[in-house]
Amino acid sequence: MSDNTKTMAKKPRKIKGKTVIDIQKCKGCELCTVACKEDAISLSKDINNLGYRYAVVIDDVCTGCLNCAIVCPDGVIKVYRTSGKKKEQIATISNVKESINVTIDNPSLEDLSKMDYL
Amino acid sequence: MSDNTKTMAKKPRKIKGKTVIDIQKCKGCELCTVACKEDAISLSKDINNLGYRYAVVIDDVCTGCLNCAIVCPDGVIKVYRTSGKKKEQIATISNVKESINVTIDNPSLEDLSKMDYL
Amino acid sequence: MLNEEIIIAGFGGQGVLSMGQTLGYAAMVEGKNVSWMPSYGPEMRGGTANCITIVSDSTISSPIVSRFDTGILLNQPSMEKFESRIKPGGIIVYESTNILHASDRKDIGVYAIPASDEANKLHNIKIANMILLGAFLEKKPVVSIEGVMEALKKVLPERYHNLLPINRQALEVGAELMRKAQ
Amino acid sequence: MLNEEIIIAGFGGQGVLSMGQTLGYAAMVEGKNVSWMPSYGPEMRGGTANCITIVSDSTISSPIVSRFDTGILLNQPSMEKFESRIKPGGIIVYESTNILHASDRKDIGVYAIPASDEANKLHNIKIANMILLGAFLEKKPVVSIEGVMEALKKVLPERYHNLLPINRQALEVGAELMRKAQ
Amino acid sequence: MENNEILTPQCIVDGDDNYDLVYEKTNVMTDTRLHYCPGCGHSTAHKILGEVIQELGIQKDVIGVAPVGCSVFAYEYLHIDWQEAAHGRATAAATGIKRCLPDKYVFTYQGDGDLAAIGTAETIHCINRGENIMIIFINNGVYGMTSGQMAPTSLEGMKTTTSPYGRNVHTMGYPLKVSELIAPLPGAFYVTRQTVHTPNAVRKAKKAIMNGFKYQKLGKGLSFIEIVSNCPSNWRMTPLQSNDFIDTDMLKYYPPGDIKVPSKEDLINL
Amino acid sequence: MENNEILTPQCIVDGDDNYDLVYEKTNVMTDTRLHYCPGCGHSTAHKILGEVIQELGIQKDVIGVAPVGCSVFAYEYLHIDWQEAAHGRATAAATGIKRCLPDKYVFTYQGDGDLAAIGTAETIHCINRGENIMIIFINNGVYGMTSGQMAPTSLEGMKTTTSPYGRNVHTMGYPLKVSELIAPLPGAFYVTRQTVHTPNAVRKAKKAIMNGFKYQKLGKGLSFIEIVSNCPSNWRMTPLQSNDFIDTDMLKYYPPGDIKVPSKEDLINL
Amino acid sequence: MELKEDIRLMKGNEAMAEAAIQAGMDAYFGYPITPQSEVLEYLTREVPNRTGIALQAESEVAAINMVYGAAGAGARVWTSSSSPGWSLMQEGVSYIAAAELPCLLVNVNRGGPGLGTIQPSQGDYFQATKGGGHGDYHLLVLAPNSVQEMADFVFLGFELAEKYRTPVMMLSDGAIGQMMEKVTFHKREIVKSAKPWATTGKTEDRERNIITTLFIQPEKMEIVNIHLNAKYEEIKKNEVRYEEIETKDAEYLLVAYGLSARISHKVVILAREKGIKLGLLRPITLWPYPSDVLFKLADQVKGMMTVELNAGQMVEDVRLAVNGKVKVGHYGRMGGIIPSPEEVEENLEKFIKTL
Amino acid sequence: MELKEDIRLMKGNEAMAEAAIQAGMDAYFGYPITPQSEVLEYLTREVPNRTGIALQAESEVAAINMVYGAAGAGARVWTSSSSPGWSLMQEGVSYIAAAELPCLLVNVNRGGPGLGTIQPSQGDYFQATKGGGHGDYHLLVLAPNSVQEMADFVFLGFELAEKYRTPVMMLSDGAIGQMMEKVTFHKREIVKSAKPWATTGKTEDRERNIITTLFIQPEKMEIVNIHLNAKYEEIKKNEVRYEEIETKDAEYLLVAYGLSARISHKVVILAREKGIKLGLLRPITLWPYPSDVLFKLADQVKGMMTVELNAGQMVEDVRLAVNGKVKVGHYGRMGGIIPSPEEVEENLEKFIKTL
Ligand SMILES: Cc1ncc(C[n+]2csc(CCOP(=O)(O)OP(=O)(O)O)c2C)c(N)n1
Ligand SMILES: Cc1ncc(C[n+]2csc(CCOP(=O)(O)OP(=O)(O)O)c2C)c(N)n1
Ligand code: SF4
Ligand code: SF4
Ligand code: SF4
Ligand code: SF4
Ligand code: SF4
Ligand code: SF4
Ligand SMILES: [Mg+2]
Ligand SMILES: [Mg+2]
C-alpha cells in the first residue's frame, strides 16, 4: 500500500502499454481504433487472408488502458503493461496459449468443420 | 315526460313484474334466487329431465327488476312488467319465439347432434 | 365359462363409475379377469356417465362391446339409450325411483329396484348404487358379496372403514329387493 | 451442342453472384437455356460466395453439377476449393491480382487476368467482375458481348444506364487481356 | 281476436294487469340448450355477447372465433358465422380473417388455458400488431374442458388436478395477470376486467363488450375484455360458492375494472 | 533460463521495460475464429460471457443453450457444455436441463427473433415460473441469420428485407420492449438492459452477466440480461455506423440500464 | 426485370411469389426460414404496389393458423416454409384438411432431421404424402422440377384446392427454390370459385356458416372421415399427373421427382449413350401417386430404381404400386448432397446387375 | 389401492405413470389433453412423495423441448400427449431423433384429423412410423394392447431408448389409456446406462459435450444421416417384436395392433367356431415392422386382412412386407368408432370371398 501511494505520489513515469493484434483473425471492424483515446491503432492498407483490412499499432503511445481489447469483438488483441498498480480487473489467465501469430487458414466455414459433431 | 313525473310523484302503485322460467332448461344454479331482492324465486323439490332441481316463483312479489333474468346464465327467465317507464334498457325483440313450456328432450349431447356439421 | 358384459349408466353423481370399479376390484380379488371402460370427455359434462365392465374367467379380448349381457341403468336417458343393446336373454336392473318408463322387451329380464327409496331409508342416498349392485349380484353372482366387501376393504382408505357395514347392508338390501322383484 | 457448366467463386462483395446472373440474362436474351444456382446460407457469412451457371442450347437437366467446364475464380480459397473440379480440357480464368497460387494442372487451360488492377485503371474497382466475364467470353463465346450489353440494358434500372459504356469497356478490356494471356 | 292477442307471449294478462315482455334471451342465440355446467359464467358471457350483437344490429357482420376449451361449442349457441380454431390459435385465425375482411367485426372468445398458456405468443403478437379485433378472455383459473387442470391463472395455493397439493408458485409459476401484462402494448386500445356473477356485473360486462365492438370500427387497435369467471365443476363448488370465491379470492388477485381506456381524442370518430 | 522466461507470452521485454500480459481472450473461449461478421456484438457478448465463466471458476458447472440464430454456433466458441435448441425453444430446453440438474448454472443465449417472436410463449412462461436460469437476450432488431428480415424488435420505420418500405407499426406491430414487458412478472428476479458497443458498455454488460450467474445460486428467480446489439451486415452499415445507430436510435427506444434489481434482502445469501 | 413477352430470369421462390400475385392471391402469411425467405421478401416488396396481403407472422404455428382463418373466410391464401417450419405446422395442416379449407402450402425442403442443413433435400416426402399431422387426411401434393413449374403450380394449386376444397401442397426443395431459370408468365384469366360456406358474416338469406373440425360424437366423426375419403378417391381418379421420358422402349426405369428428376433425366441420356434402354417416370403429383402407370410399366421393364434425396421414401410407393411384379431399387443421397448424373448412372448399372 | 403382491386395477394412463416412477424416471413434462390427462395428474399427485419431476408445460411445443433439454442433460425423461398435441411436437421429435436423445414419447391416439373427437383411434400410425416430422428419421414404436403392456412398455421403452440413444414412442389409444384392467408390477432392478455424452457440465477430464442437430455442411449432414440409418438397421435386426395367435394352421390371417388386436383376437375365436382357420399376427413394434414373419406367413395363408381404427395405414406395411405374394385387405372404422368382433368377422368373410 505504501508502495502504491508512493507510485501515485511521484508519478514520475506514466504506465506504458503494448498491444499485440492477431492480424489474421482481425476483421477490421475499427472498434478498437475509435476506442483508443491515444489514437494508437489504425487499419492497414493490406488485407489479410479473410479479405479484411486489419488493425495495426501505428503509434507507440499505448497506456495499456485495455479499451481496445475490451471492445474488440473477436478478442484478437492482447495487452501488456509495464508493472505498476493495475487499473483494471483482468481476466485470470490459468493456461496461457502460445502463439501471437497464427497460421493462416480458410474462412470460418472451414473452422466449423472442426466441430465435434456427435 | 309530464306523465312520467306524475307517476313518480304519486307512487300509488309499484310497478309489478312477472317472471316465467323455462323449467326444463333451468339447471338449478340458484343465481336467480340470490339475485332477487324480493325473494320471489326458489328451487323446486322435484328435478327436471336434466336431473336438476329447478327455479320456481314462490312469491308473487316481483317488481320486474330483471336481476334474475340478467344473471341467469342459461337465459331461461323471461320477465314481464306492467306498463310504466322502463327502468332498464332491454333487449330488442325482433322476432319473439313462442312457447313458455318447452318439450322435454335429452341432455346437451343430444342437442349437439343437431349441429350443422359441414 | 364366465364372461359377463355389463353396462352401468346414469347421471353423473349417481355413483355409476365407482359401481363398475367396485365390481372390477371384487373380480380381481377373486382372481378373475376384468376390464372397465368409462365413457369420457364432454359427454360427462352433459350429466350422463356410463361404463362397460367385463368380468371373465379367461382373457378379455375386446374391452369395448356394443351389446351387453346386463344393463344396470339409473336414469331415464340411459334406459332409452341402452335398452335395445341388451342381448336377448340378458337382464336390465334399473333404478325404479327415477325411471318411470322401463323397457318392455320380453326377451330379457327387466327388474325394477327402488334403490333411492331404500337408500333414503338407510339414511344415506349415496348407497343406492350398492343396492343396485347387490340386486345384480343376487341375479348374477359373477362375484360374491364377500368379494365385494374384501375389495372395498382394500380400496377404501382406513378412515372410511366405518362405512363398510352400511355397504354390506346395502348389498344385502339389494339382493333382497331382487329376490322380491323376480 | 452448347452446354457450358461454369463455377464462379470469390469473396462476397466481388460481384460473383451478379456476374453469373448477367451471364444468365445474356443467355436468356439470346434465346438459350440457362440455370443459375447460388451457394446460400451461412456459407456466405464466411465471406465466400459462389454460383453455378449453366448455359445450354437444350433443356438443362441438372442445375447442380459437381464438375465444371469453366471456373472463374476470384480468391485464393476458391482456387483451392475448385481447381480439382474442373473437367479435363476445361479452363480456369482467375483474378491474378488476388490469387498468388494458381492451379498448376496441365490438362486444363489456366488464364491469369489481373482484373482488379485493370479495374483500378478504369477508376472503378467494381468493374473487375465484368473484366473477368469479358475474358471468359473471349475464350468461350457462349454469349456475345452484344448479348451481355442487351441484358444489362434490360436489367439495370434506367438511372444506371450511364454505366453501360464502362461495362462494355470492361468486357472489352477483359477480352483483350485474355487474348494476351493465351 | 282480443283473446288471440292476449295469448301471444309478448304480454300476458293477469287479473287486472297487462304485462309486457321486457326481457328474454335474445334471438341471436339459438334454441340449443347450453352444454355448460349449472351456473357457469361461460353461459352468461354468451348471453350478453348475443344481446350486444342484437342491439348493435351487426349480426350479419360478425365473425366469431372460438378455440378449444369449454366454449369450443360456442358456435352452437350464437346465430353468427363462427370458426373453431386450434388450441391457442384463435388470435392467429382471427388475424387471418380480419386482414381479409377488414370491414367485418371479428372477435375471439378464449379460455385462460388457451389464451395464456399455449396461445401466449399468438395473444401477445396479435395485440402488439394492434389487430382491430376484440378478444373476450374468460379467466376461470382452470382448464375447464379437460376437467380441472391448473391454468396459468390458477391462484396461488389453488388445488387443481395437476396441482393436487395447491399451486406452488415457486415450482409451477405465478398466476399470470394477463390484462396487466398486455395493457402496456401500444396495440392494446382498450383493456378491461369484468365479471358476470351478479346482475350489476353482468350489466357492466355487457357494456364493455359493446365498447369492444364499437371501438373495432375505429381501427386503432385491439379491445381486450377479461371476464373473471367461475368453474364450479372443477373448483368443486356449488355455483353460489364459486361466485363467493370470485369475490373473496379471484377478484383480490384480479381486481375488476378498466385497465386501459381510450382517450377522448381516440374516440373522436365514434 | 532468464531468456526463456522472457519469451513466454505473459510478458515481453521492450527496451528497458518489462511488460506483463494484462489482457487476452479467456481460454474458456476456443481458438476457433468466430464466424460473426466484423464488429458484430455477438462476438463481444461471447467474449465477456467466457470471461465471467472463467472469473467465477464455474466452467465445469455451466450449461449453455443456444437456439437458432447467428449464435447457433455458440458451442463452437465457449469451452463449456452446450445444447443447441430449436428456434424459440431455448428456455424450454433450459427448463428441462435446470429441473434435472438444479445445482448447475444454466443459461440461454437468444436472439430477438428467437426469444420475442416464435419463442414468446416459452420466454414468458419460463420467466413466470421463475426458473433459476439466466437469459442473455441479444436484441439487434433484426433476424440476422436468415439475412435481415424484420424482428419483433425492429424499430418503427426500419427497413428490413421484409419491411422494405420501413416498419409500419400499424400493420406490422410495434417494436416490442421485451424487458419492460417481462419485468413485472414475479418470476423475473433481475432484469437489465446493456450494450456492448463501447469499452465501458462492455464492462457494465460483463458485470450484469456476472450478477446473473451469481443470482442463479439464490434460487429466487430468473435473470434477464438484454443486450442491445448491432447487425452491421443486415442494417447495411459499417460496424462504426451501426454502433452510432445504437446510440442515436436503438437506445432511444430501448433505454439502457437496470429495469428490475433485487432488493437487499433478496441478496442476503449472496 | 421484364424482358420481351413476360419471360423473366427468376429464382424459384420469386417465381412462385410472382405467380401468386398474378393468381390473385388475397393473402400470404409466413415466417422467414432458409431456403425460402425470398417469398416473404418478394411479397412484402410487391404487394403494397399491387394487390393482396403479405404478413410476417410471429411463427410458423401462427402463420398456418392465419391461413386457416383466412381460408375459412373465403380468401385465396397461401403460406410457405421449409422443413422444420413445416413440422411445426402439422397440427394446423391437419385442421385445415379436416375443415376442408382450400389453400396452397409450399415446402421448400431442406436437409433434416432436426435443424439439419439448409441444402436441398427430399427428406419430407413421407411428411407431405402420408400425413405428418394426426388423423386420416391427405394433401394433394405437387412436385415442381423447374422454376417454371414453381410458377405454374401456384396457379394449378389454387385451382385444385378450390375445386376440391382441400389443401394443396407444393413440395419443392432448396435447389429449385434458390436457382434462377427462365420463367414465362402467360396471360391467364383468373377464376375464383364461389365459396358459399365461408365465414363472411351471416346474412339473412342463409344459415350461419361454421368452420370446425370438432366432431365429438364418433358417429359424426366417422361420417366426416368417410366424406373426406370419398373426396380423396375422387382426387385419385381425376388428378394423377406424371411425365414419361423415354419410357416407350425402356427396359429399365428410373422413378424420380423434382430436382432428382432433373438429374435422372441426364442419367437417361448418359445410359442411352451406353446402350442401356433407360426411361424415367416423373411423378408430378406425389399424392395421388401415379401407381397405375407404374403397375403397367412393371410388365414392360426388368427393374425400377428410384432416385431420391433421402434415405428411401418414395420407393415405398413404387413398391406398393408394382406389388412385387419387378424389383424396385433406391439410390439416394442425403443431407443436402446432390448426386451427379454420372454417380447415379453408375449405381443404376450396379442395380441392373442384381436383377 | 395396493392388493396382494403388486397387482392393481388401474387405468392404462395411470399404469403407465406408475411404471415410469418405478422405472426411475427423472422427469416428465406434459400438457393436458384428453384422453391422457391422467398421466400428468397421477404424476403431480405421486412424485412429491416419491421421486422425479413432473412439470406442466405451457404447451406441447414447450413440453417436447423440455424433454429435449432434460434428455440432453442425461435424464430419464418422458412425455405423453394425444393426436393434435403430437402434431405440434413434430419439430421437437425430429430434433430429438437427430440429436439421438433417449426418451419415451407416448401418444394416446384419438380420432382426427383436426380437433376431431376424443374417442380411440389408430389414425396416427403413419405419423408415428413414417415420421411426422421432417427429414429421415425413425422412432422405435411400441404398441401396447392392454393396461399391463402400458406399464411394461414403459420399462422396455426406457431401456431401448437408452440402448440405442433413440426416442421410443408408445402408440396407444384412448380406449387402452382410459380403461382399467389388472396390472402387475414386478420387482425390477433398474439399470440406467451411463451417458458420457450428456451435458452435465464440462469437467476437466473430458472435452465439452454438445447436443446439436445442426450440420450445416452437407458432407457432415450426410454422415449423420448415414450414421442414423446404420443405427436403424441395427434396431431392425434386433428389436422386431410381435405376437402370433393361432397362426400355426391358419389359412387366413388378420394383422392388427393395440386395441384392434384385442378385437381381432375375439374375431379369431368367432371365426374358428365357424370353421374358418383364422390366425392373428399382432405387431408389437410398429417400427421396426415384423415384415419377415409376414413374408413367411404369406406362403402359408390365402389372404391377409388388417383391422385398423383408421382409413388404412398399416395395411401399406403389410403389403410392402408380402410384396404381392398374397392379397392384403383392410377393414377399418374411423372417428372413434370401435367395430365389434362380429362386424369384423363378417367383413373378413366378405374379404375371403374376394380371394
Ligand atoms: C394442441 C392441444 N392441446 C391440448 C388440448 C386439450 N385441451 C382442450 S381445451 C384445453 C384447455 C381448456 O382450458 P381453457 O382454455 O381455460 O378453457 P375453459 O375450458 O376453462 O373455458 C386443453 C388443454 C387440445 N385440444 N389441443
Ligand atoms: C422453426 C424454424 N423457423 C425458422 C427458422 C429460421 N431461422 C433461423 S434463425 C432465425 C431468426 C434469427 O434471428 P434472431 O433470433 O434475432 O437471431 P440473430 O441471428 O439476429 O442473432 C430464423 C427465422 C428455423 N431455423 N426454424
Ligand atoms: S476491434 Fe478487433 S477485429 Fe475490430 S479492427 Fe480492432 S482488432 Fe480488428
Ligand atoms: S490499450 Fe488503450 S491506449 Fe493501448 S492501444 Fe488499446 S486503447 Fe489504445
Ligand atoms: S339462474 Fe337460471 S338456470 Fe339458474 S336456477 Fe335460476 S332460472 Fe335456473
Ligand atoms: S325480476 Fe327482479 S323482482 Fe322479479 S323475480 Fe326477477 S329478480 Fe325478483
Ligand atoms: S367445466 Fe367449468 S368452465 Fe366448463 S362448463 Fe363446466 S363449469 Fe363451465
Ligand atoms: S448477420 Fe448480423 S447478427 Fe449475424 S453475425 Fe452478421 S452482423 Fe452479427
Ligand atoms: Mg379456463
Ligand atoms: Mg436478431
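Since this is a predicted model, take the numbers as computed values, not measurements.

### Here we look at the coordination of the magnesium ion (ligand 9)
Residue and element names in this part refer to chain E.
In step 1: In the first shell of the magnesium ion (ligand 9), the protein supplies D112 (OD), N140 (OD1) and V142 (O), at 2.0 to 2.2 Å from the metal.
In step 2: Coordination of the magnesium ion (ligand 9) draws on donor residues from a single chain, spaced D-x27-N-x1-V in sequence. On the criterion of sequence distance, the pair formed by D112 in helix α4 (residues 112-118) and V142 in strand β7 (residues 142-143) is long-range, its members being 30 residues apart.
In step 3: Taking relative accessible area as the criterion, D112 reaches 1% and is therefore assigned buried.
In step 4: Using a relative accessible area of 2% as the deciding quantity, one classes V142 as buried.

### Regarding the confidence of the model for chain E
Residues and elements named next belong to chain E.
In step 1: Looking at chain E as a whole, the pLDDT averages 94, with 94% of positions reaching at least 70.
In step 2: In this model residues 1-9 is a low-confidence stretch, pLDDT under 50, and it forms nine contacts with partners more than four residues away in sequence or in other chains.
In step 3: For this predicted complex, the interface confidence reaches an ipTM of 0.93, while the overall pTM sits at 0.94.

### So, the pairing of strand β4 (residues 81-85) of chain F
In step 1: Where burial is concerned, most of β4 of chain F is hidden: five out of the five residues are buried.
In step 2: Neither face of β4 of chain F is open: one carries D81, Q83 and A85 of chain F, the other W82 and E84 of chain F, and all of them are buried.
In step 3: Note: strand β3 (residues 62-67) of chain F against β4 of chain F, five bridges, orientation parallel. Its bridge partner lying in β4 of chain F, A66 of chain F is registered against E84 of chain F.
In step 4: Direction of pairing for β4 of chain F relative to strand β9 (residues 210-211) of chain H: parallel, over a ladder of two bridges. Looking across to β9 of chain H, one finds that W82 of chain F is bridged to I210 of chain H.

### A word on empty space enclosed by the protein
In step 1: A volume near 170 Å³ is recorded for the largest cavity.
In step 2: What lines the largest cavity is a set of 16 residues, and nearest its centre among them are P152, R167 and M172 of chain E, H125 of chain F together with Q56 of chain H.
In step 3: If you list the elements that add at least two residues to the lining of the largest cavity, you get α5 (120-128) of chain F together with β3 (53-56) of chain H.
In step 4: Among the residues making up the lining of the largest cavity, the classes are represented as nine nonpolar, four polar and three charged.
In step 5: Classifying every residue of the lining of the second largest cavity by side-chain character gives seven nonpolar, three polar and three charged.

### Here we look at the interface of chain G and chain E
In step 1: Contacts between chain G and chain E engage 34 residues on the former and 35 residues on the latter.
In step 2: Contact between chain G and chain E buries roughly 2,600 Å² in total, counting both sides, with carbon and sulfur atoms accounting for 59%.
In step 3: Considering only the surface of chain G that becomes buried against chain E, E58, K202 and R208 of chain G emerge as the three largest contributors, covering 23% of it.
In step 4: Counting across the interface, chain G meets chain E through two salt bridges.
In step 5: Among the salt bridges present, the one from R206 of chain G reaches D81 of chain E, with a minimum N-O distance of 2.7 Å.
In step 6: Summed over the shared surface of chain G and chain E, the number is 19 residue pairs in polar contact (both at pLDDT 80 or more).
In step 7: Elements with a minimum of two residues in the side of chain G that touches chain E: β2 (27-30), β3 (53-56), α3 (60-72), α5 (90-99) and β9 (210-211) of chain G.
In step 8: Sorting elements by how many residues they give to the side of chain G that touches chain E places α3 of chain G first, with eight residues.
In step 9: By residue class, the composition of the side of chain G that touches chain E is 17 nonpolar, eleven polar and six charged.

### Details of the sheet that holds strand β9 (residues 188-195) of chain F
In step 1: Across the sheet, eight strands lie side by side as β11(F)-β9(F)-β10(F)-β6(F)-β5(F)-β3(F)-β4(F)-β9(H); this open sheet has mixed pairing. Looking at the sheet topology across the chains shown, the edges are occupied by β11 (257-260) of chain F together with β9 of chain H.

### With respect to the pattern of salt bridges
In step 1: In total, this model carries 105 salt bridges over all chains according to the counting rule given.
In step 2: The residue D107 of chain C makes a salt bridge to R105 of chain C at a minimum N-O spacing of 2.9 Å.
In step 3: With a relative accessible area of 38%, D107 of chain C lands in the partly exposed category.
In step 4: Assessed through its relative accessible area of 18%, R105 of chain C is described here as buried.
In step 5: One salt bridge in this structure joins D61 of chain E and K104 of chain E, with 3.2 Å as the shortest N-O distance. Linking D61 of chain E in the loop between α2 (41-56) and β3 (62-67) with K104 of chain E in the loop between α3 (90-100) and β5 (105-111), this pair joins segments that are 43 residues apart in sequence.
In step 6: Exposure remark for D61 of chain E: the relative accessible area of 17% places this residue in the buried category.
In step 7: Overall, K104 of chain E belongs to the partly exposed group, its relative accessible area being 21%.

### Here's the deal with the packing of helix α1 (residues 16-29) of chain C against helix α4 (residues 128-139) of chain C
Residues and elements named next belong to chain C.
In step 1: Where α1 meets α4, the closest approach of the two axes is 10 Å, and the angle between their N-to-C directions is 45°. As far as their axial angle goes, α4 and α1 are oblique. Handedness of the α1/α4 crossing: right-handed. Touching S18, M19, T22 and L23 of α1 are N129, M130, L132, L133, F136 and L137, all from α4.
In step 2: For the contact of α1 with α4, the residue count by class is seven nonpolar, three polar and no charged.

### Concerning unusual backbone geometry
In step 1: The omega torsion across G112 of chain G and P113 of chain G is 0°, close enough to zero to call that bond cis.
In step 2: Tracing the sequence through the fold places P113 of chain G in the loop between β5 (103-109) and α6 (125-131).
In step 3: Its identity as a non-glycine residue notwithstanding, D39 of chain A has a phi of 55°, on the positive side.
In step 4: With respect to the helices and strands, the residue D39 of chain A is situated in the loop between α2 (31-35) and β2 (41-47).
In step 5: On the basis of relative accessible area, D39 of chain A is assigned to the exposed category, the value being 52%.

### Some thoughts on the relation of the copies chain H and chain G
In step 1: With an RMSD of 0.0 Å, chain H superimposes on chain G once it is rotated by 180° and translated 0.0 Å along the axis. Taken together, the rotation and translation describe the operation of a two-fold axis. Measuring from the rotation axis to each C-alpha of chain H, the shortest distance belongs to G132 of chain H, at 1.8 Å.
In step 2: Comparing contact sets, 100% of the residues at the interface of chain H also lie at the interface in chain G, consistent with an isologous, same-surface contact.

### Observations regarding the arrangement of the chains
In step 1: Among the 18 pairs of chains that make contact, the interface with the largest number of contacts is formed by chains G and H.
In step 2: For the non-touching pair chain B and chain F, the nearest C-alpha separation works out to 33 Å.
In step 3: One finds no contact between chain A and chain G; the C-alpha atoms of the two approach each other to within 12 Å at their closest.

### Overview of the side chain of T195 of chain F
Residue and element names in this part refer to chain F.
In step 1: Relative to the assigned elements, T195 resides in strand β9.
In step 2: The buried category is assigned to T195, whose relative accessible area is 6%.
In step 3: Here the side chain of T195 touches H197 through a polar contact of 2.9 Å, side chain to side chain.
In step 4: Setting aside chain neighbours within four positions, we find T195 in contact with A201, V202, A205, I227, V228, I246 and L251.

### A closer look at a negative patch on the surface
In step 1: There is a patch of like negative charges on the surface, built from E38, D39, D59 and D60 of chain A.
In step 2: Tracing the sequence through the fold places D59 of chain A in the loop between β3 (53-57) and α3 (67-71).

### Quick look at the interface of chain H and chain G
In step 1: Of the residues lining the interface, 54 residues belong to chain H; the matching set on chain G comes to 54 residues.
In step 2: Both faces combined, the contact of chain H with chain G buries some 4,700 Å², and carbon together with sulfur accounts for 60% of it.
In step 3: Across the chain H-chain G interface, the total number found is four salt bridges.
In step 4: Residue R333 of chain G pairs with E222 of chain H through a salt bridge whose shortest N-O separation is 2.6 Å.
In step 5: Of all elements in the fold, only α4 (83-88), α5 (90-99), α6 (125-131), α9 (218-238) and α12 (314-322) of chain H reach the threshold of two or more residues within the side of chain H that touches chain G.
In step 6: With eight residues, the single largest contributor to the side of chain H that touches chain G is α9 of chain H.
In step 7: Residue composition of the side of chain H that touches chain G, by class: 20 nonpolar, 25 polar and nine charged.

### Observations regarding the environment of G336 of chain G
In step 1: Structurally, the position occupied by G336 of chain G is in the loop between β15 (327-332) and α13 (341-353).
In step 2: Taking relative accessible area as the criterion, G336 of chain G reaches 8% and is therefore assigned buried.
In step 3: Each C-alpha atom, one on G336 of chain G and one on S121 of chain G, is 5.3 Å from the other, the two residues being 215 residues apart in sequence.
In step 4: Dropping the residues within four chain positions of it, G336 of chain G is found in contact with T117, Q119 and P120 of chain G together with P218 of chain H.

Reading guide: rules and limits
- Residues numbered from 1 in each chain as written.
- Chains lettered and ligands numbered in written order.
- Predicted model: local features only at pLDDT ≥ 70, side-chain atom pairs only at ≥ 80, totals over all residues.
- Heavy atoms only, no water.
- Donors = N, O, S within 2.8 Å, 3.2 Å for Na, K, Ca; no water.
- Helix = DSSP H or I, 4+ residues; strand = E, 2+ residues; numbered from the N terminus.
- Buried < 20%, exposed > 50% of the residue type's maximum accessible area, 1.4 Å probe, protein only.
- pLDDT = per-residue confidence, 0-100.
- Contact = heavy atoms within 4.5 Å.
- Pairing = 2+ DSSP bridges.
- 1 Å grid on protein atoms, 1.4 Å probe; cavity = no way out; pocket = protein on both sides within 12 Å on 5 of 7 lines; lining within 4 Å.
- Points joined across faces, edges and corners; volume = space filled by probe spheres on them.
- Nonpolar A, V, L, I, M, F, W, Y, C, P; charged D, E, K, R; others polar.
- Buried area = accessible area lost by both parts, 1.4 Å probe.
- Salt bridge = Lys/Arg side-chain N within 4 Å of Asp/Glu carboxyl O.
- Polar contact = N/O pair within 3.5 Å; in protein donor to acceptor, adjacent residues only side chain to side chain.
- Axes fitted to C-alpha atoms, helices over the stretch in contact; angles between N-to-C directions.
- Parallel < 35°, antiparallel > 145°, perpendicular 65-115°, else oblique.
- Left-handed = near helix turned anticlockwise from the far one by under 90°.
- Least-squares fit on C-alpha atoms with pLDDT ≥ 70 in both.
- Patch = residues over 30% accessible without salt bridge, like charges linked within 9 Å, V, L, I, M, F, W, Y side chains within 5 Å.
- Areas by Shrake-Rupley, 256 points an atom, 1.4 Å probe, with all protein chains shown as cover.
- Lys, Arg positive; Asp, Glu negative; His and termini not counted.
- Charge placed at Lys NZ, Arg CZ, Asp CG, Glu CD.

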